[in-house]
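Listed here are the chains, written in short residue letters.
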Amino acid sequence: MPIGVLSKEGRKQVNSPIQVTRSSMPPFEEYIEEIRPLWESRWLTNMGSKHQELEKALEQYLQIPHVSLFANGHLALEAVLAAFRFPEGSEVITTPFTFASTTHAIVRSGLTPVFCDIDPVTWTMDPEKISELVTERTAAILPVHVYGTLCDVDAIQRTADQYGLKVIYDAAHAFGVTRDGVSAATFGDVSVFSFHATKVFHTVEGGAVCFQDSALRQRLESLKNFGFHNAEAVEAGGNAKLSEFHAAMGMCNLRHLEEEIARRGMVSKRYRELLGNVKGIRLRVGQRGVRPNYAYFPVVFDGYSYTREEVFERLKAQSINARKYFYPLTSSFPCYRDLSVAKSLETAVHIAEQVLCLPLYAGLALTEVEKICETIL
Ligand code: T4K
């Protein structure tokens, strides 16, 4: 039977399903106050004052000299790949254990993804396997801090330095993650965040590119604004600007971020208490010195009494919509079946077939977590 909710009047309401996540909202009045000036200025987009304010606030929060806002994380990834002007047909070493966007961005930029297997413990790109994929056409490494788990950034950088490759992190899941107090935004040449409604920090739709090299700024600015620089179209740019309303949502959500992460942390802790010592259930590992953001709660059913499919169906029957993030691997998408995969993706295949992301959001009640775990167990 689905989980019941009592309304203020104490009547039992029609139960709504528990989704894998639920957007956090700032107090309504706070958002209204944030957008009030827009009614006076009527400046609604094209890098207005809210946009500038949010870029500055994020540069400070993420401890990075440059943040360039985008309409979404996907277009931010595409802009970065265009900004580096890699020769057509260059190869980009990447992980197939990710959301469609990572691989699509590479392919849509006229580049070739070369899939690298993942580490069996962190589920991020296995740095030991990168070197064997490098060819004379390799231009960059594009790893993903999947679920907010930091990649082995030191090993990846060593390999990149050895071969003279750019490192572009898809940090869509890693907002707020730090290692020894250093922000995830600072690793590699560039880190790209998603501020989609389903993320720990969101602007409804949105994204950002974080970087140290000031020379990148002008390229990114023109790529997201029709190629304009000083009122002249200097290249064939697109349109990926974040509006003032989206930036205003970001300003509000940033104020509540620490509370958001803390509440997600409490939900994750309860899951760990209930599932942490169960034979055949593997949870994400903690990383030394890393402050997590509790973006997702992935569980791998590896030798458990029930398969991932059985657990998924059992939860669904209770109106609990866990998600198979990230299954199938992007390398198995129908549109990429013709791409040759140079090396075995054994670990990635194994994890993708057994992983399930359980519901996780700030407002998820601990009683709901208990019900979810009861169903699994
Ligand atoms: N790189 C990586 C590694 C990514 O994971 C993503 C996006 C990107 C790049 C690209 O970034 P963006 O261009 O999106 O900024 C969702 C998100 O749409 C997507 O942003 C995210 N990754 C991906 C992992 O998940 P779906 O298709 O699973 O979302 P959907 O619509 O099924 O929503 C999931 C649940 O979230 C719903 O059941 C309820 C809740 N929800 C959803 C929406 C849309 C809300 O509470 N509010 C909402 O407005 O892709």
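What you are looking at is a predicted structure, and each value in this text was computed from that prediction instead of being measured.

Q: Which residues make up the side chain of Thr 122, and what are the values?
A: Structurally, Thr 122 is set in the loop between β3 (112–115) and β4 (138–142). Residue Thr 122 is classed as buried on the basis of its relative accessible area of 16%. In this structure the side chain of Thr 122 is engaged in a polar contact, spanning 2.8 Å, whose partner is the side chain of Thr 124.

Q: With reference to specific residues and values, describe the pairing of β4.
A: For β4, the tally of buried residues reaches 5 of 5 residues, placing the bulk of the element in the interior. Bridge count for strand β2 (residues 91–94) against β4 is 4 bridges, and the pairing is parallel. In the strand pairing of β4, Thr 94 is matched with Leu 142. Pairing analysis gives 2 bridges linking β4 to strand β5 (residues 166–170), with the strands arranged parallel. When the sheet's bridge partners are listed, Ile 141 is paired in β5 with Val 167. The parallel pair β4 and β5 is bridged by helix α5 (residues 153–163), and the resulting crossover is right-handed.

Q: Got a sec to walk through the pairing of β2? Specific residues and values, please.
A: A regular strand places its side chains so that they alternate between the two faces of the sheet. The alternating pattern of β2 places Glu 91 and Ile 93 and Val 92 and Thr 94 on opposite faces, both of which are buried. Relative to β3, β2 is paired through 4 bridges, and the arrangement is parallel. In the strand pairing of β3, Glu 91 is matched with Thr 112. Once the chain exits β2 it traverses helix α4 (residues 100–108) before rejoining the sheet at β3, and the crossover so formed is right-handed.

Q: So what's going on with the layout of surface pockets? Which residues, and what values?
A: Looking at the largest pocket, its volume works out to about 490 Å³. If you list the elements that add at least two residues to the lining of the largest pocket, you get α3 (73–83), α4, β8 (190–194) and β15 (355–358). Residues of the lining of the largest pocket, tallied by class, amount to 15 nonpolar, 12 polar and 5 charged. Computed from the structure, the second largest pocket encloses a volume of approximately 260 Å³. Lining of the second largest pocket is provided by 17 residues; of these, Ser 24, Met 25, Glu 260, Arg 263 and Ala 362 occupy positions nearest its centre. Looking at which element gives the most residues to the lining of the second largest pocket, the answer is helix α8 (residues 257–275), with 4 residues. A breakdown of the residues in the lining of the second largest pocket according to their chemical character gives 7 nonpolar, 6 polar and 4 charged.

Q: Talk me through the sheet that holds strand β12 (residues 281–283); I want residue IDs and the actual numbers.
A: Taken in spatial order, the 3 strands line up as β12-β14-β15 in an open sheet, and their pairing is antiparallel. Each edge of the sheet is formed by a strand with only one pairing partner; in this case those strands are β12 and β15. The average angle at which neighbouring strand axes cross in this sheet is 35°, direction not considered. Looking at chain direction, β12 and strand β14 (residues 297–301) are connected through 3 bridges and run antiparallel.

Each value, and the rule that gives it
- Residues numbered from 1 in each chain as written.
- Predicted model: local features only at pLDDT ≥ 70, side-chain atom pairs only at ≥ 80, totals over all residues.
- Heavy atoms only, no water.
- Helix = DSSP H or I, 4+ residues; strand = E, 2+ residues; numbered from the N terminus.
- Buried < 20%, exposed > 50% of the residue type's maximum accessible area, 1.4 Å probe, protein only.
- Polar contact = N/O pair within 3.5 Å; in protein donor to acceptor, adjacent residues only side chain to side chain.
- Pairing = 2+ DSSP bridges.
- Right-handed = clockwise from strand over helix to strand, strands pointing away.
- 1 Å grid on protein atoms, 1.4 Å probe; cavity = no way out; pocket = protein on both sides within 12 Å on 5 of 7 lines; lining within 4 Å.
- Points joined across faces, edges and corners; volume = space filled by probe spheres on them.
- Nonpolar A, V, L, I, M, F, W, Y, C, P; charged D, E, K, R; others polar.
- Axes fitted to C-alpha atoms, helices over the stretch in contact; angles between N-to-C directions.

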